[in-house]
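# Reading the structure
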Amino acid sequence: MSDGNKRFPLPLSSVVDKKSKTVQQTPASARRTAMQEAVVSTSGPERALPLVSEAVRKAMVARVAKQGVKDALVLASMEAVQRHLFIEPGLASQAYVDASLPIGYHQTISQPYIVARMIEVMRDNRNGGALNRVLEIGTGCGYQAAVLSLVAKEVYSIERIKPLHELAKSNLRPMRIANIRLHYGDGMLGLPQVAPFDGIILAAAGMEVPQALLEQLTIGGRLVAPVGGRHQMLHLIERVGSNEWINSTLEDCHFVPLRAGTV
Ligand code: SAH
């Protein structure tokens with residue numbers, strides 16, 4: 001993936017300047033505004049794509065909403081993140097199609113609908129959606145981490161394939177998102193050193209959810225994960241006590257496999 005003309009470094013000044021115009025911004029809404037400003041403030045040859053992308057991104061979000069995602073914060077966050085910046089330029093024209101796309105190393109960027117759906121389910125907690133610390137297993141190109149950064153205070157994301165971990169770093173760096181921490185490692189082990197998490201999302205499907213991850217949920221925390229092989233179902237596991245979890249099965253889904261170890 002090249003650094004070509006598909007990136008729009010966001011000057012910090014644009015965040016600070018614009019912020020004063022906005023009444024009562026939360027950190028999440030400030031970051032969202034910052035990302036939106038990155039779209040409109042770009043000039044020169046890069047201009048055409050972002051301006052077009054804003055309209056097609058709105059259409060993508062409208063489709064996601066039509067498919068049943070209702071959470072307004074999730075929809076606004078999907079609208080704010082420029083998905084085309086996470087995929088190689090040759091595929092950029094498909095960035096806002098509701099499909100998964102290849103990102104190399106036999107992995108894919110997840111379909112917009114399922115990204116939105118998983119975050120919506122994770123946010124539907126007993127704290128009215130408030131999320132302090134969340135964990136994503138399977139950073140891939142970093143797209144879902146960017147969306148998560150707008151709904152949670154702190155986002156940790158683990159990737160087991162080194163070049164993809166590096167790709168996510170280089171995709172996210174110009175966006176200057178302060179609340180994402182990327183880790184290279186085996187996500188099946190979680191991150192015990194920073195646990196517990198209010199939410200955990202798995203972007204890859206195992207035959208079962210690793211016990212280590214269940215142990216790293218706060219009480220009241222929600223884990224959303226695809227489970228299965230050829231046929232997969234999306235599961236929600238809510239921790240309701242120190243030794244008690246409730247598992248519900250939500251819908252069919254299709255993810256790349258969850259694998260142990262690092263490469
Ligand atoms: N979150 C990405 C989706 C990436 S695809 C997005 O925004 O689109 C799923 C990713 O999970 C792949 O990059 C794959 O390498 C990774 N993965 C699979 N098993 C893993 C594990 N045990 N630990 C960390 N990452 C894993």
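These notes cover the structure that comes with them. (Residues numbered from 1 in each chain as written. Predicted model: local features only at pLDDT ≥ 70, side-chain atom pairs only at ≥ 80, totals over all residues. Heavy atoms only, no water.)

### A few points about the overall build of the protein chain
Tallying secondary structure elements over the protein chain gives 8 helices and 9 strands in all. Per-residue burial over the protein chain gives 53% buried out of 263 residues. Across the protein chain, the fraction of contacts at a sequence separation of at least 24, relative to all contacts at a separation of at least 6, is 59%. Only carbon and sulfur atoms are counted for the fraction: they give 54% of the accessible area of the protein chain, which is about 12000 Å². (Helix = DSSP H or I, 4+ residues; strand = E, 2+ residues; numbered from the N terminus. Buried < 20%, exposed > 50% of the residue type's maximum accessible area, 1.4 Å probe, protein only. Contact = heavy atoms within 4.5 Å. Areas by Shrake-Rupley, 256 points an atom, 1.4 Å probe, with all protein chains shown as cover.)

### Digging into the sheet that holds strand β6 (residues 197-202)
Spatially, 7 strands are ordered β5-β4-β3-β6-β7-β8-β9 in an open sheet, and the strand pairing comes out mixed. Where the open sheet ends on each side, the last strands, each with one partner, are β5 (180-184) and β9 (244-253). The average undirected angle you get between the axes of adjacent strands in this sheet is 15°. Pairing between strand β8 (residues 232-241) and β9: 9 bridges, direction antiparallel. Bridge pairing in β9 places Gly241 opposite Glu244. Sheet strands in contact with helix α5 (residues 112-123) are β3 (133-137), β6, β7 (217-228), β8 and β9, and its direction is about 155° off that of β6. Contacting β4 (154-159) and β5, helix α7 (residues 162-172) crosses the sheet at an angle of about 160° to β5. (Pairing = 2+ DSSP bridges. Axes fitted to C-alpha atoms, helices over the stretch in contact; angles between N-to-C directions.)

### Describing the pattern of salt bridges
Using the criterion set out here, one finds 8 salt bridges in the structure. It is possible to trace a salt-bridge network through shared partners that takes in Arg117, Glu120 and Glu251. (Salt bridge = Lys/Arg side-chain N within 4 Å of Asp/Glu carboxyl O.)

### Quick word on the layout of surface pockets
Looking at the largest pocket, its volume works out to about 550 Å³. Lining of the largest pocket is provided by 38 residues; of these, Gln107, Thr108, Ala203, Ala204 and Val256 occupy positions nearest its centre. Where the lining of the largest pocket is concerned, the elements lending two or more residues are β2 (107-109), α5, β3, α6 (143-148) and β4. The element contributing the most residues to the lining of the largest pocket is β2, with 3 residues. By residue class, the composition of the lining of the largest pocket is 19 nonpolar, 14 polar and 5 charged. (1 Å grid on protein atoms, 1.4 Å probe; cavity = no way out; pocket = protein on both sides within 12 Å on 5 of 7 lines; lining within 4 Å. Points joined across faces, edges and corners; volume = space filled by probe spheres on them. Nonpolar A, V, L, I, M, F, W, Y, C, P; charged D, E, K, R; others polar.)

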